[in-house]
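Breakdown of the fold
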Amino acid sequence: MLTITKYTIKEMIKKRAFLLIAILTVGYLFIYGYGLSLAFHNNNQVINNTPNIAKILLESQLLSAGLYFSNFIIAFLIVLTSVGAVSGDVESGAIYALLYKPLKRHEYVLGKFIGLSIIITVYSTLLFLSVIGLNIAFGTKVYLGLGNVFRALFFFDLGPVVLLSLVVASSSIMSTVNTGVLAVMTYGIAMIGGILEQMGSFFTDATSQGLSNVGIITSLILPTDVIFRKMNAELLTQNTGLSFLAQGPFGGTSQPSPAMFVYIAFYICFLLYYGTRKFEKRDL
Amino acid sequence: MILETQNLTKQFNGKGGFKDVNISIDSGMVFGFLGPNGAGKSTFVKTMVGLLYPTSGFAWINGFPIGTIESKRKIGFLPENFKYYDWMTGKELMKFHAELYKIKNSDKKIEKFLDLVKLKGHENKKVKNYSKGMQQRIGLAIALLNDPEVIFLDEPTSALDPVGRIDVREIIKRLKDDGKTVFLNSHLLSEIEMICDEVAIINHGHVIAEGKLKNLLSKNTYVEMVISDYNSELIEKISKLAYDVAFKDGKLTFKVKDKDSIPEIAKIVVDSGAKLYQLDSKTSSLEDLFINIVGKDEDVC
Ligand SMILES: Nc1ncnc2c1ncn2[C@@H]1O[C@H](COP(=O)(O)OP(=O)(O)O)[C@@H](O)[C@H]1O
Ligand SMILES: [Mg+2]
């Protein structure tokens, strides 16, 4: 299994446009940083005269937006690099020379999953710390405690792993194309569900309840959005209980329940179990 | 018995594949599995190595049921549509497969097998830049990497030039000398004829002939005689021991199932008072046999 993991990582580095991704990521961070520098060091009277609390809200919004789109990029990269994790080998026939060996099929799938998880987690961690770093470097007024950052990092990395488990499981059962479609669509559903749930807080009673239910259902289908909101909350809620959670699409006004996190753990395990089990029984 | 099947069947929704195959192969044999395209050869081998799950029936390799990890420890397999991770160099690819077997200090071994398949000097090229033939060669090297007892080769020379084919034949002979068992899928009669001890002929998923190559071939010995002063009584007697009796170009021709009937027939001819000028016998080639058997099978279908 570890051999598969090792070579999955090697393959990513050698084959999958590793350098291109690195360069474009730097470009992305550069543009984001440029935006921050303009926004934070603006000498415009109107902004300078606004009270500090409003500035903090604005700046926390910028931070959340940076993380939101970083998260989005990571999801994109997961889909592009991992849809063929298993199905690619099946479709090319490279799987034959691997699985006639005394290598259990689930070891092969899990080996791939672990390898991809490691790469994605490293990338996602770097991106997260860069965004946070840029905000601090440009003197954000949002207080970012070390504890907050690390708890948020955990959730920031958890989302991609959840998506990856869906992609790898699907890739073990279906074709590369179908896996791509499934991953993009479910990710889209989770996203719109999350936004609708956020909108719910602007309404009262029945509408709010209905929108919230939509959010709950979509986060059961793919809990990436709910994890992102938890991340946001961890990052922006202070020990004092004061919260700078911004409203709007990137914010996290409505927070996931603890039960949701039990579900997420179950979700990853179930998908991997189901995917490997189907794969074990498959004719290749 | 290193390999044995009992009514082994693999079909795809009731179609294709192969049906009720009963084969047993002794250790150290080169076994040829011969059949036209689409006969079910690849399906059979893929079932044996655990890539496909049988619909029904049983099979064992080395005494272990197929599909189990134990049955896979001592086998090698060169797939028909060989495809390997082509972003590695040849050497890295070998190393990767050695690591899958947890072979320690594999460098010497890798050298040895690269040498065996004549890829020395190409080991640091990317596999993606290999020709089809070179990819098949490295596939063969990979199939041998774990010193398997049974090696399944599915059309191992499909991408090779005539020299490459001879190389593969030599490798198979060496494996046999080392006491290994080779299961060779092929639609190339000459290939099978040259290297196999035993063959099974498969058509439409059914094994229609099986046995030692010698026995299968001697079943069909073709005889030509030049005789004179014979009578119809003699022809009748010969017809009892032979079949397909006919006159062709002034020669009496017939086929016998058993070579030992030839001296017997000669004696009958001489005893009858006829004059025997010439007697030729020719064991039919595998091609004759193949066309004969498969052809008859087509007639039935
Ligand atoms: N995965 C599959 N699904 C459906 N039919 C298949 C599949 N694989 C093989 N077949 C059918 O089984 C038969 C035997 O194929 P195969 O074993 O590849 O033949 P051979 O190797 O002797 O040329 C063919 O009729 C083929 O169409
Ligand atoms: Mg075939």
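Presented here is an overview of the structure given in this document. For every chain, the first residue of its written sequence is number 1, and the numbers climb from 1 along that sequence. Chains carry letters and ligands carry numbers; both start at the beginning, A for chains and 1 for ligands, and go up in the order they are written. The model is predicted, so local features are restricted to residues of pLDDT at least 70 and side-chain atom pairs to those at 80 or more, both for listing and for counting; the totals for chains, interfaces and linings are taken over all residues. Here the side-chain values reflect all heavy atoms present in the structure, with hydrogen atoms and water set aside.

1. Comments concerning the overall build of chain B
The helix and strand labels rest on DSSP assignments: H or I over at least four residues marks a helix, E over at least two residues marks a strand, and numbering proceeds from the N terminus. A tally of regular secondary structure across chain B gives 11 helices and 15 strands. C-alpha extents for chain B along the principal axes are approximately 75 × 45 × 30 Å. We call a residue buried when its accessible area falls under 20% of the maximum for its residue type, exposed when it is over 50%, and partly exposed in between, using a 1.4 Å probe and counting protein chains only. Classification of the 301 residues of chain B by burial places 50% in the buried group. In chain B, 68% of the contacts between residues at least 6 apart in sequence involve partners at least 24 apart. Per-residue and other accessible areas were derived by the Shrake-Rupley procedure at a 1.4 Å probe size, with only the shown protein chains allowed to occlude residues. Just so you have it, chain B exposes about 14,100 Å², and 49% of that area is on carbon and sulfur atoms. Under this rule, positive means Lys or Arg and negative means Asp or Glu; His and the chain ends count for nothing. To locate a charge, the coordinates of NZ of Lys, CZ of Arg, CG of Asp or CD of Glu are taken. Distance from the positive charge centre (43 side chains) to the negative charge centre (42 side chains) of chain B: 6 Å. The contact criterion used throughout is that any non-hydrogen atoms of two residues lie within 4.5 Å.

2. Remarks on the side chain of Thr9 of chain B
On the secondary structure map, Thr9 of chain B appears in strand 1 (residues 3-12). Residues contacting Thr9 of chain B, with those up to four places away along its chain left out, are Phe18, Lys19, Asp20, Pro54, Thr55 and Ser56 of chain B.

3. Looking at the packing of helix 8 (residues 146-173) of chain A against helix 11 (residues 224-236) of chain A
Residues and elements named next belong to chain A. Fitting a line to C-alpha atoms yields each axis, with helices limited to the stretch in contact; the angle taken between N-to-C directions then spans 0 to 180 degrees. Running from amino to carboxyl end, helix 8 crosses helix 11 at an angle of 170°, the nearest separation of the two axes being 7 Å. Relative to helix 11, the element helix 8 lies roughly antiparallel. Across the interface between the two elements, Asn148, Val149, Arg151, Ala152, Phe155, Phe156, Leu158, Gly159, Val162 and Leu163 of helix 8 pack against Thr224, Ile227, Phe228, Lys230, Met231, Glu234, Leu235 and Leu236 of helix 11. Of the residues that constitute the contact of helix 8 with helix 11, the class distribution is 12 nonpolar, three polar and three charged. Each angle gets one of four labels, with under 35 degrees taken as roughly parallel, over 145 as roughly antiparallel, 65 to 115 as roughly perpendicular, and the rest as oblique. We call Asp, Glu, Lys and Arg charged. Ala, Val, Leu, Ile, Met, Phe, Trp, Tyr, Cys and Pro are nonpolar, and the rest, Gly among them, are polar.

4. Overview of the interface of chain A and chain B
Contacts between the two partners involve 29 residues from chain A and, on the opposite side, 29 residues from chain B. Summing both sides of the interface, chain A and chain B together bury roughly 2,700 Å²; the carbon and sulfur share of this comes to 62%. Between Lys or Arg on one side and Asp or Glu on the other, a salt bridge is scored when a side-chain nitrogen of the former is within 4 Å of a carboxyl oxygen of the latter. Counting every contact that joins chain A to chain B gives three salt bridges. As a salt-bridge pair, Glu99 of chain B and Lys6 of chain A come within 2.9 Å of each other at their nearest N and O atoms. Any pair of N or O atoms that falls within 3.5 Å is considered a polar contact. Within protein, one atom must be able to donate a hydrogen and the other to accept it, and sequence-neighbouring residues count only if both atoms are side-chain atoms. At the boundary of chain A and chain B, one finds 14 residue pairs in polar contact (both at pLDDT 80 or more). The biggest single contributor to the side of chain A that touches chain B is helix 1 (residues 2-15) of chain A, with eight residues. A breakdown of the residues in the side of chain A that touches chain B according to their chemical character gives 12 nonpolar, three polar and 14 charged. By buried area we mean the combined loss of accessible area, with a 1.4 Å probe, across both parts when two parts are placed together.

5. Description of the sheet that holds strand 13 (residues 243-248) of chain B
Residues and elements named next belong to chain B. Only when DSSP finds a minimum of two bridges between them are two strands counted as paired. Spatially, 13-14-12-15 is the arrangement adopted by the four strands of the open sheet, whose pairing is antiparallel. Of all the strands in the sheet, just strand 13 and strand 15 (275-283) have a single pairing partner and so form its edges. Shown here is a sheet whose adjacent strand axes are inclined to one another by a mean of 20°, direction ignored. Inspection of the sheet shows strand 12 (residues 221-228) paired to strand 15 by eight bridges, in the antiparallel sense. Each residue of the ladder has a partner; that of Glu224, found in strand 15, is Asp280.

6. Describing the sheet that holds strand 8 (residues 150-154) of chain B
Residues and elements named next belong to chain B. Ordered by their spatial adjacency, six strands build an open sheet running 7-8-9-4-10-11, and the pairing between neighbours is mixed. Edge strands, defined here as strands with exactly one partner in the open sheet, are strand 7 (75-78) and strand 11 (206-212). Between one strand axis and the next, the sheet turns through 15° on average, direction left out of account. Here strand 4 (residues 30-34) runs beside strand 10 (residues 198-203); their pairing, made up of four bridges, is parallel. Directly across from Gly32, in strand 10, lies its bridge partner Val199.

7. Comments concerning the site of ligand 1
Residue and element names in this part refer to chain B. What makes a residue near a molecule or strand is one non-hydrogen atom of that residue sitting within 4 Å of it. Lining the immediate environment of ligand 1, one finds Phe12, Gly16, Gly17, Pro36, Asn37, Gly38, Ala39, Gly40, Lys41, Ser42 and Thr43. The backbone of Ala39 places a nitrogen or oxygen atom 3.1 Å from an oxygen atom of ligand 1. Between ligand 1 and Lys41 there is a distance of 2.8 Å, counted from an oxygen atom to a backbone nitrogen or oxygen. Broken down by secondary-structure element, the contributors of at least two residues to the shell around ligand 1 are strand 2 (15-21) and helix 1 (41-48). Per-element tally for the shell around ligand 1: the top contributor is helix 1, with three residues. Residue composition of the shell around ligand 1, grouped by class: three nonpolar, seven polar and one charged.

Read these as spatial facts, not as claims about activity.
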